[in-house]
Amino acid sequence: GSGASPLVTGYTEAHQQLEEALAAWLNVEAALLFSSGFAANQAVLKALLKPSHQQWQDRLNHASLQEAGSLIPSRMHRFRHNDMAHLESQLRPKAGLIISEGVFSMDGDQAPCEELLQLAESSGNWLMLDDAHGLGAHGRGGRGTLDIQGIAHSRVAVLVGTFGKAFGTAGAFVAGSRQLIDYLLNFARDYVYSTHMPASQALATHAALQW
C-alpha cells in the first residue's frame, strides 16, 4: 500500500507517470488520481461548489454525483434526462456546474456532449462529465464518449474517469486544466486526507493504458 495520503508520503514516481500519461492520452493539461470514482465525484463537487453556486444535474446521473450534490450547500437543479431544452430553461449565467455522465450506467445511452458544451459556454458555466462507462470502451484507443463524438477533451472543464471497468484495475482520475488540478490537490478533502492508491495499482493501470 501507499501508507499515507499523497501529500505526505503516499505519492510516488508511479503515480506521477500515470497522471502524466493520462494527460497526454487525453491531450489535457493535467490529471489527478483518486482511490475510486465515487471519491473523485464527491471530491470535485465538494471542492468546487460553494453556497453561492448552483448545479444542474441530469436526472440519471450516478448516485455519487447526486449524493454529493444533495449534501453540499449549493443549490441542485435536476433536468430531465438528456433534455437540453429543460436544462437551458434552468440555467443561470456564470453560476456553477452542469453535470452529466458520458455514457449513462443504467441505460447505456450517451449524453449529447456538444449541446451540453454549447450551453455551458454560452451561459458561462463549467461542464463536468463523468465518463466512467465510456473511457476504454468508446473512441480511438478507448478515449471515450467525447472522442467518439468528435470533441476535444480540453473543452470540458472537469472530466472524470475510472479504472475499475474497462481498464481492469481500480481507482479513478480527474482531468482538466493545470489550475483545476492544482486547486483540487490542495482543497479536495477526499484527496488530501485519504491514503493514496498503491503504487502497484498505478503501475498496473499505466500498463493497461499502454496496452
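Up top you'll find the structure we're talking about.
Residues numbered from 1 in each chain as written. Predicted model: local features only at pLDDT ≥ 70, side-chain atom pairs only at ≥ 80, totals over all residues. Heavy atoms only, no water.

Regarding the nonpolar core
Working step 1: Core analysis: the biggest nonpolar cluster contains 38 residues, and L22, L26, L87, I98, L116, F163 and F173 have the highest contact counts within it.
Working step 2: The set of elements that each furnish at least two residues to this core consists of α1 (13-26), β1 (30-34), α4 (84-90), α5 (113-123), β5 (126-130), β7 (172-176) and α9 (199-210).
Working step 3: Residue contributions to this core peak at seven residues, all from α1.
Working step 4: Residues in contact with L22, not counting those within four places in the same chain, are A31, L33, F163, F173 and L209. (Core = buried A, V, L, I, M, F, W, Y, C linked by side-chain atoms within 4.5 Å. Buried < 20%, exposed > 50% of the residue type's maximum accessible area, 1.4 Å probe, protein only. Helix = DSSP H or I, 4+ residues; strand = E, 2+ residues; numbered from the N terminus. Contact = heavy atoms within 4.5 Å.)

Examining the packing of α1 against α9
Working step 1: At a minimum axis distance of 8 Å, the contact between α1 and α9 shows a crossing angle of 30°. Accordingly, the angle class assigned to the pair α1 and α9 is roughly parallel. The two elements α1 and α9 meet at a crossing, and its hand is left-handed. The residues of α9 that touch α1, namely those facing A14, H15, Q17, L18, A21, L22 and W25, are A199, A202, L203, T205, H206 and L209. (Axes fitted to C-alpha atoms, helices over the stretch in contact; angles between N-to-C directions. Parallel < 35°, antiparallel > 145°, perpendicular 65-115°, else oblique. Left-handed = near helix turned anticlockwise from the far one by under 90°.)

Focus on the pairing of β1
Working step 1: With five of five residues buried, β1 lies mostly within the body of the structure.
Working step 2: Going residue by residue along β1, you find A30, L32 and F34 tucked away on one face and A31 and L33 tucked away on the opposite face as well.
Working step 3: With five bridges joining them, β1 and β7 adopt antiparallel strand pairing. Its bridge partner lying in β7, L33 is registered against F173. (Pairing = 2+ DSSP bridges.)

Comments concerning unusual backbone geometry
Working step 1: One non-glycine residue, N27, lies in the positive phi region at around 55°.
Working step 2: Following the sequence through the fold, N27 ends up in the loop between α1 and β1.
Working step 3: On the basis of relative accessibility, which here comes to 63%, the residue N27 falls in the exposed class.
Working step 4: The backbone phi angle of K94 is positive, close to 50°, even though this residue is not glycine.
Working step 5: Within the element layout of this structure, K94 appears in the loop between α4 and β4 (96-101).
Working step 6: The exposed category is assigned to K94, whose relative accessible area is 70%.

Side note on the packing of aromatic side chains
Working step 1: Throughout the structure, instances matching the rule amount to five aromatic pairs.
Working step 2: Taken together, a centroid distance of 5.6 Å and an interplanar angle of 65° make the contact between F34 and Y191 edge-to-face. Note that F34 is positioned in strand β1 and Y191 in helix α8 (residues 189-192), a separation of 157 residues in sequence.
Working step 3: An aromatic cluster is defined as three or more aromatic residues linked by ring pairs; in this entry it consists of W25, F163, F167 and F173. (Phe/Tyr/Trp six-rings, centres within 6.5 Å; stacked < 30°, edge-to-face > 60°.)

Re the packing of helix α2 (residues 37-48) against helix α3 (residues 63-71)
Working step 1: α3 packs onto α2 with a crossing angle of 30° between their chain directions and a minimal axis gap of 9 Å. Between α2 and α3, the crossing angle belongs to the class labelled roughly parallel. As for the relative orientation of α2 and α3, their crossing is right-handed in sense. Across the interface between the two elements, F38, N41, Q42 and L45 from α2 touch S64, L65, E67, A68 and G69 from α3.
Working step 2: Considered class by class, the residues forming the contact of α2 with α3 number four nonpolar, four polar and one charged. (Nonpolar A, V, L, I, M, F, W, Y, C, P; charged D, E, K, R; others polar.)

Regarding α3
Working step 1: Turning to α3, its buried residues are S64, L65, Q66, A68 and G69.
Working step 2: Here the buried face of α3 lies against α2, β2 (54-58), β3 (75-79), β4 and β5.

A word on α9
Working step 1: Compared with the 16 Å implied by 1.5 Å per residue over twelve residues, the 17 Å span of α9 between its first and last C-alpha is a close match.
Working step 2: Along its buried surface, α9 packs onto α1. (Expected span 1.5 Å × (residues − 1).)

Quick notes on the environment of I72
Working step 1: In this structure, I72 sits in the loop between α3 and β3.
Working step 2: In this structure the C-alpha to C-alpha distance between I72 and P6, which are 66 residues apart in sequence, comes to 24 Å.
Working step 3: Once residues within four sequence positions are removed from consideration, I72 is found in contact with L45, K46, L49 and Q55.

Scope: geometric values only; no functional claims are made or implied.
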